Amino acid sequence: MKHTNKFLGTMLLAAAVLTSCADMDPLEYAFEKPASIEGMEYLADYDALKEYKSENSKVSPDFKLGMALAATDYNANGMWTRLANANFDEIVAGNEMKMASIVNDNGGMDFGTVETFLMNAEENGMNVYGHTLAWHSQQPVKWLKSLIKDKELDVDPDQKIENVQYTQDWTTAGSYTMWGQFNSQITSGPVVDGNGLSLTTTGTVAEFWTVQYFIADHMTLKANQEYILRVEMKGATAGSAHFVVGPWGTDLKTGSIPFTTEWETTDIKFTPDADLDGVHAMLQSGDFAGTYTVRKVELISLETPAVEVEQEIYSQDWTKAGSYSMWGQFPAAVTSGPSVDSNGLTITTSGTTSGFWELQYMVGDGISVKGDTKYVMHVTLKGSPNNNNLHYVIGAWGNDIKTGSISFDDNEKTVDISFTPVGDATGVHILLQSGDYVGTYTVKNVSVCELVSMNTIPLTPEEKKEVLTGAMDKWVSGMMEACAGRVKAWDVVNEAISGGDPDSEGVYALQHDPDGTKPSDFYWQDYLGDIDYVRTVVAKAREYGPEDLKLFVNDYNLESDWDNNAKLKSLVAWIKRWEADGVTKIDGIGTQMHLTYQSNPDIQASKEKHITEMFKLLAASGKLVRVSELDIAFADEQGNNIAVENMTDAQLRKVAAFYKWLITQYVTIIPAAQQYGFCIWTAIDAAPDVSWTHQQLYGLWDKNYNRTHAYAGFADGLAGK
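Procedures and definitions
- Numbering of residues starts from 1 in every chain and runs along the sequence as written.
- Where totals are concerned, whole chains, interfaces and linings use all residues; where local detail is concerned, this predicted model gives features only for residues with pLDDT of at least 70, and gives and counts side-chain atom pairs only at 80 or more.
- Side-chain metrics rest on all non-hydrogen atoms present in the structure, leaving aside hydrogens and water.
- Here a helix means four or more residues in a row that DSSP labels H or I, a strand means two or more in a row labelled E, and each is numbered from the N terminus.
- C-alpha atoms define the radius of gyration, and 2.2 Å times the number of residues to the power 0.38 defines the globule rule.
- Only protein chains enter the area calculation, which uses a 1.4 Å probe; residues under 20% of their type maximum are buried, those over 50% are exposed, and those in between are partly exposed.
- By the convention used here, residues are in contact when the closest approach between their heavy atoms is within 4.5 Å.
- Here the Shrake-Rupley method, with its probe set to 1.4 Å, supplies the accessible areas, and only the displayed protein chains count as covering residues.
- His is not counted, nor are the chain ends; Lys and Arg add positive charge and Asp and Glu add negative charge.
- Charged side chains are reduced to one point each, which is NZ for Lys, CZ for Arg, CG for Asp and CD for Glu.
- By convention in these notes, a salt bridge is any Lys or Arg side-chain nitrogen within 4 Å of a carboxyl oxygen on Asp or Glu.
- Of the grid points, spaced at 1 Å and generated over the protein atoms alone, those admitting a 1.4 Å probe that cannot get out make up cavities, while open sets with protein on both sides within 12 Å along at least five of seven lines make up pockets; any residue with an atom within 4 Å of a point is treated as lining.
- Grid points are joined across faces, edges and corners, and a volume is the space filled by probe spheres set on the points.
- Residue polarity follows a fixed list, in which Ala, Val, Leu, Ile, Met, Phe, Trp, Tyr, Cys and Pro are nonpolar, Asp, Glu, Lys and Arg are charged, and the others, Gly among them, are polar.
- Only buried residues count toward a nonpolar core. Its members are Ala, Val, Leu, Ile, Met, Phe, Trp, Tyr and Cys residues joined through side-chain atoms within 4.5 Å.
- Each residue gets a pLDDT score, which is the predictor's confidence in that residue and runs from 0 to 100.
- We treat two strands as partners when DSSP finds at least two bridges between them.
- Clockwise travel from the first strand over the helix to the second, with the strands pointing away from the viewer, marks a crossover as right-handed.
- Any two of the Phe, Tyr and Trp rings considered here, Trp counted by its six-membered ring, make a pair once their centres fall within 6.5 Å; the pair's planes then place it as stacked at under 30 degrees, edge-to-face at over 60, or tilted in between.
- We call a charge positioned over a ring when the NZ of a Lys or the CZ of an Arg lies within 6 Å of the ring centre and within 35 degrees of the ring normal.
- An axis is simply a line fitted to the C-alpha atoms; with a helix, the fit covers only the stretch in contact. Between two such axes, the angle follows the N-to-C directions and lies from 0 to 180 degrees.
- An angle below 35 degrees is read as roughly parallel, one above 145 as roughly antiparallel, one from 65 to 115 as roughly perpendicular, and any other as oblique.
- The hand of a helix crossing depends on one turn: near helix anticlockwise from the far one by less than a right angle means left-handed, and clockwise means right-handed.

**Student:** How should the overall build of the protein be read in this particular structure?
**Tutor:** Along the backbone of the protein there are 13 helices and 33 strands. Its C-alpha atoms give the protein a radius of gyration of 40 Å, clearly above 27 Å, the size a compact globule of 721 residues would have. With respect to the three principal axes, the spread of C-alpha positions in the protein is 130 × 60 × 50 Å. Residues classed as buried in the protein amount to 52% of the 721 residues present. For the protein, long-range pairs separated by at least 24 residues make up 76% of all intrachain contacts whose partners lie at least 6 apart in sequence. Carbon and sulfur atoms provide 47% of the accessible area of the protein, an area that totals close to 31700 Å². Treating the 54 positive side-chain charges of the protein as one cloud and the 97 negative ones as another, the clouds have centres 8 Å apart.

Here it is in structure tokens:
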């Protein structure tokens, strides 16, 4: 199978005189040797890579020489297929056996590409290594998150929940301060004591409305919301009293409330068709002779269980602000500016301006809102004289989201203003404009809340774990069924260790995303737990896979010199924790080894020292050891990566020597029984614009499929030369 000095070529490979027939089975034709191959022609004398394993007594007979490539490239039966078949005995699909490549947004699974890949590999006598069963990246995030989304409440749509919006307890009021008119011929006015609000009339008149008074006031209503006015009362004798619910000028509901000599409640239902402030409830009893007592009045909203709940996104408490520092314009002719104290933000005006907007200022600022989302602003204030209005603007400069007016009186009240932005907006402020008001008012607090639908309820952690364990079962069982026992080894868990946040034993934490800052990833361990995450996927692989299945935990930076191999030490510690149940069994450790040869000799020496230490630690673990994703870049003494076209022959030979050194270290330090093998992740030179690392990576072949010096270095390392 060796080449002689006869030069061969192929139309497909251009001047591929350096390529062995063991690489490609090229079509032969004769031509003159180009000058560009001087110093490279020795490569033609090399055999296929996998032939060199048998020349080194230190290489295990079970050693697998692997190559990563796209399953679609292998299935195409072209250059990649021929290169892989000629030089390697194991292949790894770079992406096509990962979960996101197979499971769609609805949880459907398509193993067509994988099954074709396995069939073609089997026909060519190639092993397939599985990569990867569990990982946080390249996951079907949309489907997985849909499984753990909030569940809908199973409720009766006709069921209602009573939410008390207003209460007037007359047993604790002390005195009567609301509006009323009392016909002096038949009554002298109400009495308030520990029993409630009592009224006694000595006679009757046809005009019952000549005795009328508020039993509730300053109520706020929302349009199309169903309400109950609940009145608790009794009389010295049985009777009834007329009532009116509404603001002045609008009677929302009228009728009469019957009462007996026992305490009873009467519910008055009504639904306003507009938002209303300053709503009162009034009794009119000029046609009743006797005494009756009102003990309690409540305003209750009737909600379905699928209610909208307020989640506060902004609050400004002016009672704690200390001073006013937001934007505002205060005409000196009518006001001297705001004052801020423990009562809140107070404005006093002595006159009006030509336009109410000439006196305006922010009471809230820096708010961010989302488009097509419901919000409510709450403003708590009071002022004198009564029954006045303040204009308001909610929006950013040039974008008024909502405008209107707020009514107030000398009783502190909270006004609710609903709004829905058309689009997302940041830097939203709340302006008050009061140039047409004369008097004093105080703003106590301003807040903005997002209205969140509560027709759903979050799953408990236990429920999330259960449903995701089911998803893992579906995925692993489906993959193992598609493999039909043809894949004997897998990366069961990929890149679990964080590389930081050591615990009390100095063991690095697993990777996590508790705050959801990485929405394109899905961290199973956030839901299954650090221990059960790995135990679960290992158990599923054992359950559905072949009996002789080998399972590896694969990770990167295990050769790290900056932390003295602490990540590898942590991985070994975690494996002990996962296996502590006496059931979980992990067969091997994969070390990715995406390396850079450093021209700076001191840096390179440190790198090599810690690679050697890594192999010693791996050997001590007793696990199978697999160099899983090997590729090499080259950096000059300043640490800058060099493009292959700019490298000297001497530099390229250093890369080759590094490949040889690396394999020599492996076969020297790792006992034969623990040698699983090597996988070349970047077999062909890859430029930064196509390399997955965005670096120049130097392969065993160049981009024209010609052997490189690295090929010789790798082969010599395998052969033990």
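After that view of the structure, there is still more to cover.
**Student:** Before we go on, may I ask you to explain the pattern of salt bridges in this structure?
**Tutor:** Pairing between side chains becomes possible if they bear opposite charge and their charged atoms approach one another. Within this structure, the stated rule accounts for 21 salt bridges. Linking Lys-607 and Asp-561 is a salt bridge whose minimum nitrogen-to-oxygen distance equals 3.2 Å. Pair noted here: Lys-607 is in helix H11 (residues 601–621) and Asp-561 is in the loop between strand S29 (550–555) and helix H10 (566–578), with a separation of 46 residues, a long-range link. The class of Asp-561 is buried, set by a relative accessible area of 19%. Its salt-bridge partner being Asp-649, residue Arg-653 comes within 2.7 Å of it at the nearest N-O pair. With Arg-653 and Asp-649 both in helix H12 (residues 649–669) and 4 residues apart, this pair spans about one turn of that helix. Overall, Arg-653 belongs to the partly exposed group, its relative accessible area being 36%.

**Student:** Help me out: how do you make sense of the layout of surface pockets in this one?
**Tutor:** Over the atoms, a rolled probe matching the size of one water molecule traces out where space is still vacant. In this model, the largest pocket occupies a volume close to 1500 Å³. Lining of the largest pocket is provided by 49 residues; of these, Met-219, Thr-220, Asp-277, Thr-414 and Asp-416 occupy positions nearest its centre. Listing elements by their share of the lining of the largest pocket, those giving two or more residues are strand S5 (161–169), strand S9 (212–221), strand S14 (276–284), strand S15 (290–303), strand S16 (308–317), strand S23 (399–408) and strand S24 (413–419). Taken together, the residues of the lining of the largest pocket break down into 18 nonpolar, 18 polar and 13 charged. Size it by volume and the second largest pocket reaches roughly 900 Å³. Lining of the second largest pocket is provided by 40 residues; of these, His-594, Trp-681, Thr-682, Trp-692 and Leu-697 occupy positions nearest its centre.

**Student:** Help me understand the nonpolar core, please; the structure alone is not making it clear to me.
**Tutor:** One recurring pattern in soluble globular proteins is that nonpolar side chains are buried together. Within the largest apolar cluster, 114 residues are counted, with the highest numbers of intra-cluster contacts made by Leu-630 and Phe-714. Tallying contributions element by element places helix H7 (residues 461–483) first for this core, with 9 residues. Setting aside chain neighbours within four positions, we find Phe-714 in contact with Leu-49, Leu-65, Leu-630, Tyr-659, Ile-663, Phe-678, Ile-680 and Leu-700. Counting 38 residues, the second-largest nonpolar core is a separate cluster that includes Leu-197, Leu-221, Met-282 and Val-297.

**Student:** Could you clarify how one ought to interpret the confidence of the model for the protein in this entry?
**Tutor:** As a general rule, the predicted coordinates of low-pLDDT regions are not to be interpreted in detail. For the protein, the average pLDDT comes to 91, and 93% of its residues sit at 70 or higher. Within the model, the stretch residues 1–22 combines pLDDT values under 50 with 65 contacts to residues more than four positions away or in other chains.

**Student:** Got a minute to help me understand the sheet that holds strand S17 (residues 328–329) in this structure?
**Tutor:** Sheets are built from strands that pair by backbone hydrogen bonding, the pairs being arranged parallel or antiparallel. Strands sit in the order S17-S20-S25-S22-S23 across an open sheet of 5 strands; the sheet is antiparallel. The open sheet has two edge strands with one neighbour each: S17 and S23.

**Student:** Help me understand the pairing of strand S30 (residues 588–591) in this model?
**Tutor:** Two faces make up the sheet, and in a regular strand the side chains alternate between them. Neither face of S30 is left uncovered, since the one carrying Gly-588 and Gly-590 and the one carrying Ile-589 and Thr-591 both have all their residues buried. Here S29 pairs with S30 via 4 bridges, running parallel. Paired with Val-553 across the bridge in S30 is Ile-589. On the question of chirality, the crossover connecting S29 to the parallel S30 by way of H10 is right-handed. Both S30 and strand S32 (residues 624–635) contribute to a ladder of 4 bridges, which runs parallel.

**Student:** Is there a simple way to think about the sheet that holds S9 in this case?
**Tutor:** The sheet built from 5 strands is open, its strands ordered S6-S9-S14-S11-S12 with antiparallel pairing. Strand pairing shows two members of the sheet lacking a second neighbour, strand S6 (180–181) and strand S12 (253–259), which therefore form its edges. Sheet topology places strand S11 (residues 239–246) next to S12; 7 bridges connect them, and they run antiparallel. Opposite Val-244, over in S12, you have Thr-254 as the bridge partner.

**Student:** Which parts of the structure should I look at to understand the pairing of strand S26 (residues 439–453)?
**Tutor:** Within S26, 11 of the 15 residues are buried, which leaves the element mostly enclosed by the surrounding structure. Here strand S19 (residues 344–349) runs beside S26; their pairing, made up of 5 bridges, is antiparallel. Pairing of Thr-349 across the sheet is with Gly-439, part of S26. Where strand S21 (residues 375–384) and S26 come together, 10 bridges link them in antiparallel fashion. Following the sheet pairing, Ser-384 is matched in S26 by Thr-440.

**Student:** Would you mind showing me how to read the packing of aromatic side chains here?
**Tutor:** Any aromatic ring pair is given by two values, namely how distant the centres are and how the planes are angled relative to each other. In this structure the tally under the stated criterion is 45 aromatic pairs. Geometrically, the ring pair formed by Tyr-129 and Tyr-676 is edge-to-face, given 5.8 Å between the ring centres and 65° between the ring planes. On the criterion of sequence distance, the pair formed by Tyr-129 in strand S3 (residues 127–134) and Tyr-676 in strand S33 (residues 675–680) is long-range, its members being 547 residues apart. Here the two residues Tyr-129 and Tyr-676 agree in accessibility, since each one is buried. Put simply, the rings of Tyr-42, Tyr-46, Tyr-52, Phe-88, Trp-701 and Tyr-711 touch in pairs and so form one group of aromatic residues. Above the ring of Trp-263, the side-chain terminus of Arg-295 is found at 4.1 Å from the ring centroid. Across the ring face of Tyr-129, the terminal group of Arg-626 is positioned such that the distance to the ring centre comes to 3.5 Å.

**Student:** It is not clear to me how helix H3 (residues 79–87) should be interpreted in this structure. Could you clarify?
**Tutor:** Counting along an α-helix, one turn takes 3.6 residues, and residues three or four places apart therefore face a common direction. By the criterion of burial, H3 is predominantly enclosed, with 7 of the 9 residues buried. Along H3, the residues that are buried comprise Met-79, Thr-81, Leu-83, Ala-84, Asn-85, Ala-86 and Asn-87.

**Student:** Just checking my understanding: could you explain the packing of helix H9 (residues 530–544) against H10 for this structure?
**Tutor:** To describe two helices that pack against each other, one gives the angle between their axes and the distance between the axes. With their axes 9 Å apart at the nearest point, H9 and H10 run at an angle of 75° to one another. By the angle between their directions, the pair H9 and H10 is classed as roughly perpendicular. Across the interface between the two elements, Asp-530, Ile-531, Val-534 and Arg-535 from H9 touch Trp-574, Arg-577 and Trp-578 from H10. When its residues are assigned to classes, the contact of H9 with H10 shows 4 nonpolar, no polar and 3 charged.

**Student:** So what exactly am I meant to see when it comes to the packing of H12 against helix H13 (residues 709–719) here?
**Tutor:** Taken N-terminus to C-terminus, the directions of H12 and H13 make an angle of 25°; their axes are 7 Å apart at the nearest point. With respect to each other, H12 and H13 are oriented roughly parallel. Considering how the two elements wind past one another, H12 and H13 form a crossing that is right-handed. Side by side, H12 and H13 meet where Asp-649, Leu-652, Arg-653, Ala-656, Tyr-659, Lys-660, Ile-663 and Thr-664 of the first sit next to His-709, Ala-710, Gly-713, Phe-714, Asp-716, Gly-717 and Leu-718 of the second. Residues belonging to the contact of H12 with H13 are distributed by class as follows: 7 nonpolar, 4 polar and 4 charged.

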